[in-house]
Amino acid sequence: MSNPIADPSSVDDTAPLVVRTRRIDDPGDLLALLPPDQALAWVHGGDGLVAWGRAATFSTRGADRFADADAWWRAHVARSVSRDDVNRPGSGLVAFGSFAFADRGEGTTLVVPEVVVGRRDGVSWITTIGTTLSAPPTLTAHDDLGSGPAVDFEDDDSRRARWRDTVAAAVDRIAAGELDKVVLARSVDAVSDEVVDVRRPLRRLAAQYPSCWTFHVDGFFGSTPEMLVRLEGGLVTSRVLAGTIRRSGDDHRDLALAASLAHSSKDLEEHEYAVASVAEALAPHCTGMNVPEAPFVLHLPNVMHLATDVTGVLRADASALSLAAALHPSAAVGGTPRPAAVDLIEEIEGLDRARYAGPVGWIGADGDGEWGIGLRSAQLLDDGRRVRLFAGCGIVADSVPADELAESDAKLVPVRTSLTEA
Ligand SMILES: C=C(O[C@H]1C=CC=C(C(=O)O)[C@@H]1O)C(=O)O
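Residues numbered from 1 in each chain as written. Predicted model: local features only at pLDDT ≥ 70, side-chain atom pairs only at ≥ 80, totals over all residues. Heavy atoms only, no water.

- The chain has the name isochorismate synthase in an unreviewed UniProt entry, where Aeromicrobium camelliae is given as its organism.
- Quoted verbatim from the Sequence similarities (unreviewed entry) field of the UniProt record, the comment on the chain reads "Belongs to the isochorismate synthase family."
- Under Catalytic activity (unreviewed entry), UniProt gives the following word-for-word description of the chain: "chorismate = isochorismate". (UniProt positions renumbered as here; feature names shortened; annotations may be inferred.)

Structural data, given as structure tokens:
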């Protein structure tokens, strides 16, 4: 995959990292601090982490990509020297990362930045990371990014018809008893008349979807509503989403739609598979797990989802990355049973998912961290003028191809409008 953002060529990956975190006054809008190049982001409700520079990077591929990344990270942590005056999740040494969806997929990377600015619950900090101790830089808010470029979307009728046919083929395979659920995705390319400055869509996504996690790692960006796993002080949390209804734009009508979603047997079935896959994957790692019996309806500006928050207490030493490895791909992005679903995706989807639907997030020196599922997302390609947007839908026996296509359109709205709105 080409990567218009990262330039790891100057990174010395073997030197011990010197890490210093200091408390700072509230820096205001975190995303406004990002420089144009090598920006990294993970923000939620205004809080989170933004970062830039490259102190160390790691890339890999294959079935062992999570274990390889975890081992690389542990080795870096072991030889780092750190002083952290803040001691909050995300302070001290952190790496941002993104994982390919498929074992054969490209794009798995961990990035240790040179500067991280974080805020959580009214406490703000800056972390510097390098091979020597460096003074924290002066923070500058880049307020005016100018007007956006003109963007065209390549989503013609024949591509849309082909995807409907693929969904119909999956329904047939489910009816034939080969599997219970599969998540099928499609992509839409956007072509911009100038290089996309990813900070512009990031700001729009964060402003419009504050309850989602707005992220950027090496040209992969988006605003995901789904938390694959958060590990914090021994507490494991996962927000499972599956089952979707589009919003109408009318609040009263949306309430009725939310009620119908909560009672839709097709959506409840789709959701149950996703919850079961997460609960089964976490069970060996957790004690005292709480898996609510019924989902709640999560309201986003474009769609509503059935949602379940699964929690547990970590049983033994495991990192957020090793938990992500156990959970990926959950049935929210793969299917049930997992092996049959992954095979069917490979056989009929006809799409290189790359980082779409893979874990994206950050890990700290103690192994805690947050890994969302890379949904409502896009990848900058080539020269930075082409952007590939992705969306997928859970397919079960009762799925109707035309409805799934409309649902995928709704899921594309966040990134699509983030690229076009002034
Ligand atoms: C696969 C996607 O969404 C998943 C998450 C929430 C709801 C989903 C659904 O209802 O199909 C999907 O499982 C996507 O946004 O590309």
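Moving on from the coordinates now.
### Quick look at the environment of Arg 315
Piece 1. By secondary structure assignment, the location of Arg 315 is in the loop between strand E18 (303-314) and helix H6 (320-327).
Piece 2. On a C-alpha basis, the gap between Arg 315 and Pro 339 in space is 26 Å, while along the polypeptide they are 24 residues apart.
Piece 3. Excluding residues that lie within four positions of it along the chain, Arg 315 makes contacts with Ala 283, Pro 284, His 285, Cys 286 and Thr 287.
Piece 4. From its side chain, Arg 315 meets the backbone oxygen of Pro 284 in a polar contact 3.2 Å long.
Piece 5. Of the polar contacts made by the side chain of Arg 315, one reaches the backbone oxygen of Cys 286; its length is 2.9 Å. (Helix = DSSP H or I, 4+ residues; strand = E, 2+ residues; numbered from the N terminus. Contact = heavy atoms within 4.5 Å. Polar contact = N/O pair within 3.5 Å; in protein donor to acceptor, adjacent residues only side chain to side chain.)

### Points about the environment of Pro 301
Piece 1. Checked against the element boundaries, Pro 301 lands in the loop between strand E17 (296-299) and E18.
Piece 2. Sequence separation of Pro 301 and Asp 403 is 102 residues, and the distance between their C-alpha atoms is 19 Å.
Piece 3. Once residues lying within four places of it in the same chain are set aside, the contact partners of Pro 301 are Gln 208, Tyr 209 and Arg 247.

### So, helix H7 (residues 338-349)
Piece 1. Between its first and last C-alpha, H7 extends 15 Å over 12 residues, near the 16 Å set by a 1.5 Å rise per residue.
Piece 2. Those residues of H7 not exposed but buried are Ala 341, Leu 344, Ile 345, Ile 348 and Glu 349. Each buried residue of H7 sits inside an arc of 105° when the element is viewed along its axis, so together they form one side. Projecting away from the buried face of H7 at angles above 90 degrees are the exposed residues Pro 339, Asp 343 and Glu 347.
Piece 3. Buried positions along H7 lie against helix H2 (157-175), strand E11 (181-192) and strand E19 (335-336). (Expected span 1.5 Å × (residues − 1). Buried < 20%, exposed > 50% of the residue type's maximum accessible area, 1.4 Å probe, protein only. Arc of directions from axis to C-beta.)

### Here's the deal with the UniProt feature "domain: Chorismate-utilising enzyme C-terminal" (unreviewed entry) in the chain
Piece 1. In the numbering used here, UniProt assigns the feature "domain: Chorismate-utilising enzyme C-terminal" (unreviewed entry) to residues 160-411.
Piece 2. End C-alpha to end C-alpha, residues 160-411 measures 15 Å, and it is 35% helix and 35% strand.

### Observations regarding helix H8 (residues 401-420)
Piece 1. With 20 residues, H8 ought to run about 28 Å at 1.5 Å a step, and its terminal C-alpha atoms sit 28 Å apart, in line with that.
Piece 2. The sharpest bend along H8 measures roughly 45° and falls at Val 413, with the proline Pro 414 sitting one to four residues further on.
Piece 3. Three or more residues of H8 are buried, namely Glu 404, Leu 405, Glu 407, Ser 408, Ala 410, Lys 411, Leu 412, Pro 414, Val 415, Ser 418 and Leu 419. (Bend = angle between axes of the 7 residues up to and from the residue.)

### Overview of the site of the ligand
Piece 1. Around the ligand, the structure places 18 residues, and the nearest of them are Thr 244, Ala 332, Tyr 356, Arg 376 and Gly 392.
Piece 2. Between the ligand and Gly 243 there is a distance of 2.9 Å, counted from an oxygen atom to a backbone nitrogen or oxygen.
Piece 3. In the environment of the ligand, an oxygen atom lies 2.6 Å from a nitrogen or oxygen atom belonging to the side chain of Arg 376.
Piece 4. Across the complex, the protein chains shield 100% of the 390 Å² of accessible surface that the ligand would expose by itself.
Piece 5. Broken down by secondary-structure element, the contributors of at least two residues to the shell around the ligand are strand E15 (235-246), strand E23 (386-395) and H8.
Piece 6. In the shell around the ligand, the residues fall into eight nonpolar, five polar and five charged. (Near = heavy atom within 4 Å. Areas by Shrake-Rupley, 256 points an atom, 1.4 Å probe, with all protein chains shown as cover. Nonpolar A, V, L, I, M, F, W, Y, C, P; charged D, E, K, R; others polar.)

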